[in-house]
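As a plain string of letters, each chain reads:
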Amino acid sequence: LGLILYASVRLQRGGRPFFATVAQQLKRHGLEALAPPGLAMVVSAASEAIASIGFSDPLRLLHDVAPLCGAAADSMAPWQVMWILTAYANACETRAKVLTTSKPPLIFSEDDATRLFLTSLSQRAAEVLADRNRRAAALRLAVRIAEAEGVATDLRQDLEELILGPLVVESETPT
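(A) Just helix α7 (residues 132-148), in detail. In this model, α7 (17 residues) spans 24 Å end to end at C-alpha, consistent with the 24 Å of a helix rising 1.5 Å per residue. Restricting attention to buried positions, one finds in α7 the residues R135, A137, A138, L139, L141, A142, V143, I145, A146 and A148. Lining the buried residues of α7 we find α5 (78-98), α6 (111-128) and α8 (154-164). A side-chain oxygen of the first residue of α7 lies 3.1 Å from the backbone nitrogen of N133; this N-cap is D131. The positive-phi residue at the C-terminal boundary of α7 is G150, with phi of around 70°.

Structure (structure tokens):
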């Protein structure tokens, strides 16, 4: 079902009724059963669908899937971490931009949920992204999410240390 949702959004087929139906079936038949590739496809589809079908159904799905992404982070491949961070960064920023004119549903229900999500994915990014530029990109995405969700500014430094910290090379001492 995750692949069907992803393909329908990418191909711009089915619109809101189809998206809502597939999202409901995903919830009914076990979002929890989605492996990291399926989670990445579902959140990418939901984020991209906002532009064509509105906020309601995609944000509800992103809200439901966020804890699962955090819980599955330790088994994600690099592309899955980046897809998920990108999807949530785009969705959170889009939602934040329209807050002045409407009240779309929350993606994260509280600051602690946002922190847990970002910490889990950031930790995985530090583990699987070998290239410093890729880690820096992951950090930018995580910071975009934190800022759009209005999480305390102290989180930025924590995320920076978590994602970029392991790349600090200690100077060798002569023996």
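(B) Highlighting the nonpolar core. Membership of the largest hydrophobic core comes to 60 residues, with the highest contact counts inside it found for I84, Y88 and F117. At the level of elements, α1 (2-10), α2 (15-28), α3 (36-53), α4 (56-72), α5, α6, α7 and α8 are the ones that each hand at least two residues to this core. In terms of residue count, the dominant contributor to this core is α3 (10 residues). Setting aside anything within four residues of it in sequence, one finds I84 in contact with L39, A40, V43, C69, M76, F117 and L121.

(C) Seen up close, the packing of aromatic side chains. A full pass over the atoms with the stated rule returns two aromatic pairs. Consider the rings of W79 and W83, whose centres lie 4.8 Å apart with planes at 80°: the pair is edge-to-face. Highlighted residues: W79 and W83, both in helix α5, separated by four residues, approximately one helical turn. A relative accessible area of 36% means that W79 is categorised as partly exposed. Relative accessible area serves as the criterion here: at 32%, W83 is assigned to the partly exposed category.

(D) Up close: the packing of α3 against α4. It is at 10 Å that the axes of α3 and α4 come closest, and there the two elements cross at 155°. On the basis of the axis angle, α3 is roughly antiparallel to α4. The crossing of α3 and α4 is left-handed. Contact with α3, carried on its side by P36, L39, V42, V43, A46, S47, A49, I50 and I53, involves P58, L59, L61, L62, V65, L68, C69 and A72 of α4 and no other residues of that element. Partitioning the contact of α3 with α4 into residue classes produces 16 nonpolar, one polar and no charged.

(E) Seen up close, the layout of surface pockets. Of the volumes computed, that of the largest pocket is approximately 180 Å³. What lines the largest pocket is a set of 13 residues, among which A66, P67, F108, A113 and L116 lie closest to the centre. Among the secondary structure elements, those contributing two or more residues to the lining of the largest pocket are α4 and α6. The element contributing the most residues to the lining of the largest pocket is α4, with six residues. Its residues placed into classes, the lining of the largest pocket shows eight nonpolar, four polar and one charged.

What counts, and where the lines are drawn
Residues numbered from 1 in each chain as written. Predicted model: local features only at pLDDT ≥ 70, side-chain atom pairs only at ≥ 80, totals over all residues. Heavy atoms only, no water. Helix = DSSP H or I, 4+ residues; strand = E, 2+ residues; numbered from the N terminus. Expected span 1.5 Å × (residues − 1). Buried < 20%, exposed > 50% of the residue type's maximum accessible area, 1.4 Å probe, protein only. Contact = heavy atoms within 4.5 Å. Polar contact = N/O pair within 3.5 Å; in protein donor to acceptor, adjacent residues only side chain to side chain. Core = buried A, V, L, I, M, F, W, Y, C linked by side-chain atoms within 4.5 Å. Phe/Tyr/Trp six-rings, centres within 6.5 Å; stacked < 30°, edge-to-face > 60°. Axes fitted to C-alpha atoms, helices over the stretch in contact; angles between N-to-C directions. Parallel < 35°, antiparallel > 145°, perpendicular 65-115°, else oblique. Left-handed = near helix turned anticlockwise from the far one by under 90°. Nonpolar A, V, L, I, M, F, W, Y, C, P; charged D, E, K, R; others polar. 1 Å grid on protein atoms, 1.4 Å probe; cavity = no way out; pocket = protein on both sides within 12 Å on 5 of 7 lines; lining within 4 Å. Points joined across faces, edges and corners; volume = space filled by probe spheres on them.

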